[in-house]
Amino acid sequence: MFLANRSQIRHISTAWPQVLWYGFDREEQDRKNMYADNTLTPKEAVRLCALGTLALSNEAMRYSVLAHAARHFMSRVTGPSLELMGTSLELLKFEGLIAPSDGQGMEDDAAMDLTEKGRAELQKLLTARVRAESNDLNKLIITLKFRFLHLLPLEEQCNQVDSLCDAAQAELSRLGDLRDNHCSETGHLTAWLDHDLDLVEKRLEWLEGLRNDLYEKAFPKT
């Protein structure tokens, strides 16, 4: 697998080289499982981005174009990340999730199609749970969910937004407990936590509005 050195990392945000997608580690063939709590690992987030990007195109995409499109999207959400650099499109081809419609693959920049197995994998990744925490990986996964959410049936879209509402409520509870336990301290912690709580409350309000809209479409009143 290709690993970038630190000097290369400094340039990733402006020029993600396509070669980052071309390394292929045979040991990854056995990596099938999510985290134990059924949430996505960094490499599965990359898979979700690549498969979803191909699904949105509604047509075959050149190997290099797909690699660049997925890498560009992720880099703009999370910034440079070593965890998101190693997954290869060759692995997706090896597993039968994407297949060339002409040519071979990386070596001749073939046009790649999403297979039926790839569509099933995309749905599995899209319906994975989201952790109730704030970090770059979670931000990427939630952003990818919203980018590809409309590819799911309406009822499943409702389930996914329900899950995101639950995660936001859990985050509110966690941050609220932290604030309550440190509200007597001097300094700026309380003000920062109030800022965080306000952001989460606004996110929850937005999610609940989206959930109501989806439920009305999925279960129209007669």
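Just so you know, these numbers come straight off a predicted model, no measurement behind them.

A closer look at the overall build of the chain
Part 1 of the reasoning: Check the secondary structure of the chain and you find 8 helices and 3 strands.
Part 2 of the reasoning: Ordering the α and β elements of the chain from the N terminus gives α-α-β-α-α-β-β-α-α-α-α.
Part 3 of the reasoning: Residues classed as buried in the chain amount to 42% of the 222 residues present.
Part 4 of the reasoning: The long-range fraction of contacts in the chain, counting pairs at least 24 apart against all pairs at least 6 apart in sequence, stands at 68%.
Part 5 of the reasoning: For the chain, the exposed area adds up to about 12100 Å²; of that, 51% sits on carbon and sulfur atoms.

Observations regarding the confidence of the model for the chain
Part 1 of the reasoning: Counting all residues, the mean pLDDT for the chain is 83, and 82% of those residues have values of 70 or more.
Part 2 of the reasoning: Between residues 1-32, whose pLDDT stays under 50, and residues either more than four places distant or in other chains, the model counts 69 contacts.

Here's the deal with the layout of surface pockets
Part 1 of the reasoning: Looking at the largest pocket, its volume works out to about 330 Å³.
Part 2 of the reasoning: Around the largest pocket, the lining is made up of 19 residues, and of these S134, N138, K139, I142 and R203 lie nearest the centre.
Part 3 of the reasoning: Secondary-structure elements contributing two or more residues to the lining of the largest pocket are α6 (136-148), α7 (154-182) and α8 (189-218).
Part 4 of the reasoning: A total of 6 residues in the lining of the largest pocket trace back to one element, the largest contributor, which is α6.

Examining the packing of aromatic side chains
Part 1 of the reasoning: Evaluation of the coordinates by the stated rule reveals 2 aromatic pairs.
Part 2 of the reasoning: Between F146 and W206, the ring centres sit 5.4 Å apart and the planes meet at 75 degrees, which makes this aromatic pair edge-to-face. Within this pair, whereas F146 is found in helix α6, its partner W206 is found in helix α8, the two being separated by 60 residues in sequence.

Side note on the sheet that holds strand β3 (residues 111-114)
Part 1 of the reasoning: Here 3 strands make up an open sheet; going across it, the order is β1-β3-β2 and the pairing antiparallel. Two strands lie at the open edges of the sheet, namely β1 (61-62) and β2 (98-102), each paired on one side alone.
Part 2 of the reasoning: Relative to the sheet, helix α2 (residues 42-57) contacts β1, β2 and β3, its axis offset from that of β3 by approximately 95 degrees.

Quick notes on the environment of Q104
Part 1 of the reasoning: Along the chain, Q104 falls in the loop between β2 and β3.
Part 2 of the reasoning: Its relative accessible area of 48% is what places Q104 among the partly exposed residues.
Part 3 of the reasoning: Along the primary structure Q104 and Y63 are separated by 41 residues, whereas in three dimensions their C-alpha atoms are 9.9 Å apart.
Part 4 of the reasoning: Apart from the residues lying within four places of it in its own chain, the contact partners of Q104 are K93 and A110.

Things to note about the nonpolar core
Part 1 of the reasoning: Residues L48, L51, L89, L92, I98 and L140 are the most contacted members of the largest nonpolar core, which totals 50 residues.
Part 2 of the reasoning: Those elements giving two or more residues to this core turn out to be α2, α3 (63-78), α4 (89-94), β3, α5 (116-126), α6, α7 and α8.
Part 3 of the reasoning: With 8 residues, α2 is the single largest residue contributor to this core.
Part 4 of the reasoning: Excluding anything up to four places from it in sequence, L140 contacts A45, M74, V77, T78 and L84.

Some details on the pattern of salt bridges
Part 1 of the reasoning: Tallied over the entire structure, the rule returns 11 salt bridges.
Part 2 of the reasoning: Here R211 and D162 are joined by a salt bridge, their closest N and O atoms 3.3 Å apart. Here the residue R211 occupies a position in helix α8, and D162 occupies one in helix α7, the gap between them amounting to 49 residues.
Part 3 of the reasoning: A salt bridge links E171 to R174; its shortest N-O distance comes to 4.0 Å. Of this pair, E171 and R174 both sit in helix α7, 3 residues apart, which is roughly one turn of the helix.
Part 4 of the reasoning: Judged by its relative accessible area of 5%, E171 is buried.
Part 5 of the reasoning: Taking the relative accessible area as the measure of exposure, R174 reaches 40% and is therefore partly exposed.

Definitions and cut-offs
Residues numbered from 1 in each chain as written. Predicted model: local features only at pLDDT ≥ 70, side-chain atom pairs only at ≥ 80, totals over all residues. Heavy atoms only, no water. Helix = DSSP H or I, 4+ residues; strand = E, 2+ residues; numbered from the N terminus. Buried < 20%, exposed > 50% of the residue type's maximum accessible area, 1.4 Å probe, protein only. Contact = heavy atoms within 4.5 Å. Areas by Shrake-Rupley, 256 points an atom, 1.4 Å probe, with all protein chains shown as cover. pLDDT = per-residue confidence, 0-100. 1 Å grid on protein atoms, 1.4 Å probe; cavity = no way out; pocket = protein on both sides within 12 Å on 5 of 7 lines; lining within 4 Å. Points joined across faces, edges and corners; volume = space filled by probe spheres on them. Phe/Tyr/Trp six-rings, centres within 6.5 Å; stacked < 30°, edge-to-face > 60°. Pairing = 2+ DSSP bridges. Axes fitted to C-alpha atoms, helices over the stretch in contact; angles between N-to-C directions. Core = buried A, V, L, I, M, F, W, Y, C linked by side-chain atoms within 4.5 Å. Salt bridge = Lys/Arg side-chain N within 4 Å of Asp/Glu carboxyl O.

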